[in-house]
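Fold and geometry: a report
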Amino acid sequence: MTSAIKDIYDNIFGSDPSSIEEIAAGGSNRKYYRVFDSLGKSVIATVGNSYEENNAFIELAKHFYTHDVNVPKIIGCNESKSVYLQEDLGDTSLFSILGTDVASDLIAKTISALARLQTIPGINYSVCYPEAKFDRKLIMWDLNYFKYCFLKIAVENFNESNLEVDFSRLADKLLSTPENLWGFMYRDCQSRNVIIKGEKPYWIDFQGGRYGPCIYDIVSFLWQAKADFSDSFRDEIIDLYIEEFSKQRNSDCSGMRTLIPVFVLFRTLQVLGAYGFRGLMQHKAHFIQSIPLAISNLAKLLKQGIIDEYPCLKSAINTIIESNRFKKEESSALTVEVFSFSYKKGYPDDFSGNGGGFMFDCRAMHNPGRYAEYKSLTGLDAPVIDFLEERGEIQVFLKNAWSLTDPAIERYLQRGFTNIQIGFGCTGGQHRSVYSAENTAKHIAEKYPNAIVKLIHREQGITKLFNHTDSL
């Protein structure tokens with residue numbers, strides 16, 4: 001791929017680049033590279049296999065640039081638009097400076113710039129990807145994204161037919177947005193997609209934009225899970241946004257405030273779908289870490305009664321909120337999560353986001369589940385415990401496992417780490433893995449009293465918490 005970058009760079013600048021460095025791409029399927037000349041000056045090369053997506057960014061960027069909107073200048077692209085070069089704005093995102101003294105002023109500048117970006121005249125929406133306009137089809141795509149990539153993982157039972165009725169009712173509400181509140185809908189408007197250069201905000205990653213309700217973007221920005229803005233700050237910024245948007249439209253747009261809660265609900269469901277896909281399915285830590293924060297947004301909407309008119313969705317959201325599965329542990333101590341699980345149902349999720357730990361396969365040991373008298377029992381029951389211990393193999397297995405886990409726990413405690421995961425899997429997650437996880441949790445709690453030990457027998461629906469105050 002670097003050869004294609006070299007070719008376009010040479011065509012534009014008349015010489016080979018001095019060096020090419022890949023840049024982390026986050027959740028994107030595109031790849032980004034910083035390309036340097038011999039004097040250290042750089043441009044950004046973007047590589048993507050979708051002509052339509054790349055073309056959308058290139059054409060929108062050119063249009064915004066001619067209207068003095070702060071976006072990267074497009075320097076050039078190859079014929080297929082699979083590679084294009086753009087101005088290098090640097091690496092300082094607005095997200096990276098949230099919480100600093102200058103953040104509030106830059107957020108205000110960003111929101112004012114957003115209202116102007118959304119109301120720029122003459123946008124050719126036919127180039128937008130994958131669709132030119134926000135409509136019922138796209139709404140249902142996002143809601144079903146939430147259903148299939150998050151809800152079906154998080155909630156065991158719900159009435160899909162009733163849920164679809166709620167989704168349709170929610171779509172009607174969103175599409176009732178007055179026409180004067182429509183314009184360029186950025187769609188992924190968040191502080192990570194704003195680069196600060198020379199104390200000015202610049203917009204990036206708007207290739208998914210389309211014609212739609214502009215209120216969606218201010219909601220996306222202010223309710224971004226990891227930004228964690230206070231309610232009072234959100235109200236202040238919304239006032240600023242409505243004032244600026246009204247000025248750009250030369251009309252009173254204050255009515256958009258009443259629509260904010262329903263767009264918060266929709267956007268939160270959409271991002272949970274993304275977190276489910278990128279985090280729970282693809283195991284990317286950044287997305288897993290955002291799940292509890294997004295769920296807290298749903299909890300606020302639930303208390304405000306916003307979800308009352310969607311009864312099936314409300315029931316499912318209640319189940320998600322009440323579940324311990326996605327709750328973030330608020331502790332600076334080391335939390336050791338010990339799991340038993342069934343390989344048939346997949347590996348346990350790592351909601352700490354650090355991806356560290358051990359998984360031990362118990363299936364090589366003799367299985368009590370093969371015998372009728374043990375089928376209804378678990379590794380917590382005396383007959384199964386006797387069966388496993390009489391053979392002697394499980395004690396050796398655990399001794400070897402602990403010879404690996406104990407040094408890691410000691411080092412994690414020394415270095416101030418906060419999470420490590422230890423899993424034991426077997427065929428059904430009922431006998432061998434349950435015994436192994438139970439005894440490992442007790443071993444760790446006894447040997448390392450400064451650690452918090454969370455024991456989860458996933459297939460049994462059992463969670464226990466051990467620390468030095470618990471009796472073992």
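Computed from a predicted model, the values in this text were never measured in an experiment.

**Some thoughts on the environment of Glu446**
Tracing the sequence through the fold places Glu446 in helix H13 (residues 432-447). Counting along the chain gives 242 residues from Glu446 to Ile204, while the straight-line C-alpha distance between them is 52 Å.

**Description of helix H2 (residues 51-66)**
The terminal C-alpha atoms of H2, which comprises 16 residues, lie 23 Å apart, in line with the 22 Å expected from a rise of 1.5 Å per residue. All of the buried residues in H2 are Asn54, Asn55, Ala56, Phe57, Ile58, Leu60, Ala61, His63 and Phe64. Elements in contact with the buried residues of H2: strand S4 (74-77), strand S5 (83-87), helix H3 (103-118) and strand S6 (182-185). A positive phi of about 60° marks Asp68, the residue just after H2.

**Things to note about the sheet that holds strand S11 (residues 357-361)**
Strand order in the open sheet formed by 5 strands is S11-S12-S10-S13-S14, with mixed pairing between adjacent strands. What marks the edges here is a single partner per strand, and that holds for S11 and strand S14 (462-466). Strand-to-strand twist across the sheet, computed as the mean angle between neighbouring axes with direction ignored, equals 15°. Bridging between strand S10 (residues 335-342) and strand S13 (residues 452-457) involves 6 bridges; their strand directions are parallel. Counterpart to Val338 in the pairing with S13 is Leu455.

**Comments concerning the pattern of salt bridges**
Taken as a whole and judged by the stated rule, the model has 27 salt bridges. When the shortest N-O distance is used, the salt bridge between Asp142 and Arg187 registers 2.8 Å. Residue Asp142 is found in helix H4 (residues 136-154), and its partner Arg187 is found in the loop between S6 and strand S7 (194-197); the two are separated by 45 residues along the sequence. A single salt-bridge network, built from bridges that share partners, covers Lys147, Lys152, Glu160 and Glu164.

**Comments concerning the nonpolar core**
Within the largest apolar cluster, 95 residues are counted, with the highest numbers of intra-cluster contacts made by Phe150, Trp203, Phe206, Tyr241, Leu265 and Leu313. Looking at which element gives the most residues to this core, the answer is helix H8 (residues 260-281), with 11 residues. If you look at the next biggest cluster of nonpolar residues, it comprises 32 residues, including Leu388, Tyr435, Ile444 and Leu455.

**Focus on the sheet that holds strand S3 (residues 42-47)**
Pairing in this open sheet of 5 strands is antiparallel, and the strands run S1-S2-S3-S5-S4 from one edge to the other. Every other strand in the sheet has two partners, leaving strand S1 (19-23) and S4 as the edge strands with one partner each. With strand direction ignored, the average angle separating the axes of adjacent strands in the sheet is 25°. Looking at chain direction, S3 and S5 are connected through 5 bridges and run antiparallel.

How each quantity is defined
All residue numbers refer to position in the chain's written sequence, counted from 1. Owing to the predicted nature of the model, reporting of local features is limited to residues with pLDDT of at least 70; listing and counting of side-chain atom pairs is limited to 80 or more, with chain, interface and lining totals taken over all residues. Hydrogens are left out, water is left out, and the side-chain values use all remaining heavy atoms of the structure. Runs of H or I in DSSP of at least four residues are treated as helices and runs of E of at least two as strands, each being numbered from the N terminus. Every helix has an expected span of 1.5 Å times one less than the residues it contains. When accessible area is computed with a 1.4 Å probe and restricted to protein chains, residues below 20% of their type maximum are described as buried, those above 50% as exposed, and intermediate ones as partly exposed. When checking whether two residues touch, look at their non-hydrogen atoms; a contact exists if any pair is within 4.5 Å. Two strands pair if DSSP finds at least two bridges between them. Every axis in this analysis is a line fitted to C-alpha atoms, fitted for helices over the stretch in contact. Angles between the N-to-C directions lie between 0 and 180 degrees. A pair is scored as a salt bridge if a Lys or Arg side-chain nitrogen falls within 4 Å of a carboxyl oxygen belonging to Asp or Glu. Only buried residues count toward a nonpolar core. Its members are Ala, Val, Leu, Ile, Met, Phe, Trp, Tyr and Cys residues joined through side-chain atoms within 4.5 Å.

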